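Here are the chains, one letter per residue:
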Amino acid sequence: MTNPFDGIPGTDLAYFREQAERFAASGATPAAPRLAATAVLLRPDGAVLLMRRPVKMVFGGRWVFPGGSADPADGVLGGTELEVAARAAAREVREETGLVVPTADLLPWSRWITPEFEPRRFDTYFFVGLVGAGTDAVEVNGETEEHRWLTATAALAGYAAGELSMLPPTVITLRELAGLSTVDAVREAAAAKDLSSPILPRLP
């Protein structure tokens, strides 16, 4: 795949470079990544749910997909790390939006590990959650200031115009989905994914 940092705004790239330089100068050991999960809720019309985090939160001010760190309860039933991550994704969706998405409808899509220079790091499994055509009601809680249902193409246009601030994994995921015109195409693409080798972005 292309470098996740390619094409991101100059202000964001400067931020990441500053973080990387500060970390390198500190001589610190990279933080251990925490297991996390993200769900890209996808309607048949191609719209996905994006939520803007409050500034005080991790990823504050950014537009993200629902998700968060895995809780101990997510692993009570045992299973593989992927299965635990799927339960975490379903729980996060329920807590953040009020929508109930069965784990069977969560298609494993990608796996990202936060760059080593970031103080908070996550080993995040991305899932595409297939929802019905009429899905719209979203409960906005304290973890979200605003939400929008947008096609991947429209979301990328907002990002390019500087209207929607996003991190590289969100942008890359939207680019991948923008090239798929049907739910069947998304299912086929998901079936070919290999999450055993996570993506660890590095600055060029």
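Residues numbered from 1 in each chain as written. Predicted model: local features only at pLDDT ≥ 70, side-chain atom pairs only at ≥ 80, totals over all residues. Heavy atoms only, no water.

Draft legend 1. A look at the overall build of the chain. Looking only at helices and strands, the chain has five helices and seven strands in total. If you list the helices and strands of the chain from N to C, you get α-β-β-β-β-α-β-β-β-α-α-α. Within the chain, buried positions represent 44% of all 204 residues. Long-range pairs, those at least 24 residues apart, make up 70% of the contacts in the chain with a sequence separation of at least 6. Surface exposure of the chain reaches about 9,900 Å², of which carbon and sulfur atoms provide 54%. (Helix = DSSP H or I, 4+ residues; strand = E, 2+ residues; numbered from the N terminus. Buried < 20%, exposed > 50% of the residue type's maximum accessible area, 1.4 Å probe, protein only. Contact = heavy atoms within 4.5 Å. Areas by Shrake-Rupley, 256 points an atom, 1.4 Å probe, with all protein chains shown as cover.)

Draft legend 2. The environment of glycine 179, seen in detail. Within the fold, glycine 179 resides in the loop between helix 4 (168-178) and helix 5 (183-191). Residues glycine 179 and alanine 152, 27 residues apart in the sequence, show an inter-C-alpha distance of 8.9 Å.

Draft legend 3. How the structure looks around the side chain of arginine 91. Along the chain, the position of arginine 91 falls in helix 2 (residues 81-97). Given a relative accessible area of 9%, arginine 91 falls into the buried group. From its side chain, arginine 91 meets the backbone oxygen of serine 69 in a polar contact 3.0 Å long. Arginine 91 has contacts with Ser69, Ala70, Asp71 and Asp74, leaving out every residue within four places of it along the chain. (Polar contact = N/O pair within 3.5 Å; in protein donor to acceptor, adjacent residues only side chain to side chain.)

Draft legend 4. Molecular detail of the side chain of threonine 135. Among the structural elements, threonine 135 can be located in the loop between strand 6 (122-130) and strand 7 (146-151). Under the relative-accessibility criterion, threonine 135 is labelled buried at 15%.

Draft legend 5. Examining the nonpolar core more closely. With 24 residues, the main nonpolar core has Val128, Met166, Leu174 and Leu177 as its most contacted residues. Contributions of two or more residues to this core are made by strand 1 (34-42), strand 2 (47-52), strand 5 (106-113), strand 6, helix 3 (152-160), helix 4 and helix 5. Excluding its chain neighbours within four sequence positions, the residues that come into contact with methionine 166 are Asp12, Leu50, Arg62, Trp63, Ala155, Tyr159, Val171 and Leu174. Core analysis: the next-biggest nonpolar cluster, separate from the first, contains 22 residues, Ala37, Ala39, Leu41 and Phe127 among them. (Core = buried A, V, L, I, M, F, W, Y, C linked by side-chain atoms within 4.5 Å.)

Draft legend 6. Structural view of the packing of aromatic side chains. Enumeration according to the criterion identifies zero aromatic pairs in this entry. A cation sits over an aromatic face here: lysine 193 above tryptophan 109, 4.2 Å from the ring centre. (Phe/Tyr/Trp six-rings, centres within 6.5 Å; stacked < 30°, edge-to-face > 60°. Lys NZ or Arg CZ within 6 Å of the ring centre and 35° of its normal.)

Draft legend 7. Layout of the environment of phenylalanine 127. Mapped onto the elements, phenylalanine 127 comes out in strand 6. Using a relative accessible area of 1% as the deciding quantity, one classes phenylalanine 127 as buried. Phenylalanine 127 sits 18 residues away from tryptophan 109 along the chain, and the two C-alpha atoms are 5.0 Å apart. Discounting residues that sit within four places of it in the chain, phenylalanine 127 has contacts with Ala37, Thr38, Ala39, Val40, Leu82, Ala85, Ala86, Ala89, Leu106, Leu107, Pro108 and Trp109.

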